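# Results of the structural survey
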Amino acid sequence: MAIEDNPRTREQYGQELKRRREAAGLTKEELSQRAVMSRTHIAHIEAGRRRPDPEDARRLDQVLGAGGFFERFLPTLDGKKVAEHFKEALEFEGKAKVIKEYAPALVPGLLQTKQYAYEVFGSGYPRKSDEERDKLVATRLERARVLDNFHSPEFRFLLDEAVLRRVVGSPAVMCEQLRHITELAASRRIRVHVLPYSVGAHALQAGFLSLMWFEDLPPIAYAEGVNSGRILELSSAVHACQELYDQALGDALSHRESLDLLRSVAEDYEHEAQRAEHP
């Protein structure tokens, strides 16, 4: 059964978890150990601030003998047109005060232009109709409106050079995309660093990573792979991800050098687009 995710349903879900935990005579710490979850995460679920992922919900059912309650009535974000594995990360993104992302191959969703996003959504599986792609692009652009707020959150992006060199759509699309990033950086809304090919192997080569900090919650990390993504909340795991990010950042170009490279590559794309238009 799909229950719409909203503050009220999360609160009710958390109240039921607290009731069943106390009825079982367990503290949050004891439940966290048996369900292999952090005590902090359980506290946030009970307070209605977070919801477990399906695997966590299954473990809560097993430990508390809930007969599948926590998995069946897990609040979902079915109304949002985002990938299933990204839904929980999207919630956190809306609350974060600082976000640092590493992108290995594609421009991060928050920075994508309309045409770039349209090309990205056209490359996945299963194939999508033009109408489906339009809806996904509209959702992505709406999500990017968080950049309209100058003060919060604070954004920092670490881009592998492959992000600049991989032609998505056409040289014209890439020119527009890279100039969009430089404009956001020039407005001081974001900071950008490029990790050049010359670095070779580096700390973050395994895949996409997003780090988030909050005012009233502990920091988290979100790691993403092929059709998969995972929220990391355990402090040791989050700290390890932060260290990996810092190591990779130490190998990257400075903000100014990165913007110079972005402008140079955008200019190359512009010339290539002009040659294609007037051979």
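Residues numbered from 1 in each chain as written. Predicted model: local features only at pLDDT ≥ 70, side-chain atom pairs only at ≥ 80, totals over all residues. Heavy atoms only, no water.

## A look at the pattern of salt bridges
Applying the stated criterion across every chain, the model contains 17 salt bridges. For Arg-143, the salt bridge is made with Glu-93, and the minimal N-O distance between the two is 2.7 Å. One end of the pair, Arg-143, is in helix 8 (residues 130-143); the other, Glu-93, is in helix 6 (residues 87-93), with 50 residues separating them in the sequence. Residue Glu-93 is classed as buried on the basis of its relative accessible area, which comes to 8%. Salt-bridge contacts for Arg-145 lead to Glu-142; the nearest nitrogen and oxygen are separated by 3.9 Å. Judged by relative accessible area, which is 49%, Glu-142 ranks as partly exposed. Here the salt bridges do not stand alone but share partners, grouping Glu-55, Asp-56, Arg-58, Arg-59 and Glu-71 into one network. (Salt bridge = Lys/Arg side-chain N within 4 Å of Asp/Glu carboxyl O. Helix = DSSP H or I, 4+ residues; strand = E, 2+ residues; numbered from the N terminus. Buried < 20%, exposed > 50% of the residue type's maximum accessible area, 1.4 Å probe, protein only.)

## Examining the packing of aromatic side chains
Per the stated rule, a full pass over the model turns up 5 aromatic pairs. Ring geometry for Tyr-13 against Phe-70: centres 5.6 Å apart, planes inclined by 80°, an arrangement best described as edge-to-face. Highlighted residues: Tyr-13 in helix 1 (residues 7-23) and Phe-70 in helix 5 (residues 69-72), separated in sequence by 57 residues. On the numbers, 6.4 Å between centres and 70° between planes, the contact of Phe-208 with Tyr-222 is edge-to-face. (Phe/Tyr/Trp six-rings, centres within 6.5 Å; stacked < 30°, edge-to-face > 60°.)

## Overview of the sheet that holds strand 3 (residues 98-103)
Sheet architecture is open: 6 strands sit in the order 5-4-3-6-7-8, paired in mixed fashion. Looking at which strands have only one partner, the edges of the open sheet turn out to be strand 5 (190-195) and strand 8 (228-232). With strand direction ignored, the average angle separating the axes of adjacent strands in the sheet is 15°. Both strand 4 (residues 154-160) and strand 5 contribute to a ladder of 6 bridges, which runs parallel. Bridging across to strand 5, Phe-157 finds its partner in Val-192. The strands touched by helix 10 (residues 171-186) within the sheet are strand 4 and strand 5, with strand 5 carrying the most contacts at an inclination of about 130°. In the packing of helix 11 (residues 235-251) onto the sheet, the strands contacted are strand 3, strand 4, strand 5, strand 6 (208-213), strand 7 (220-225) and strand 8, and the crossing angle to strand 6 comes to about 115°. (Pairing = 2+ DSSP bridges. Axes fitted to C-alpha atoms, helices over the stretch in contact; angles between N-to-C directions. Contact = heavy atoms within 4.5 Å.)

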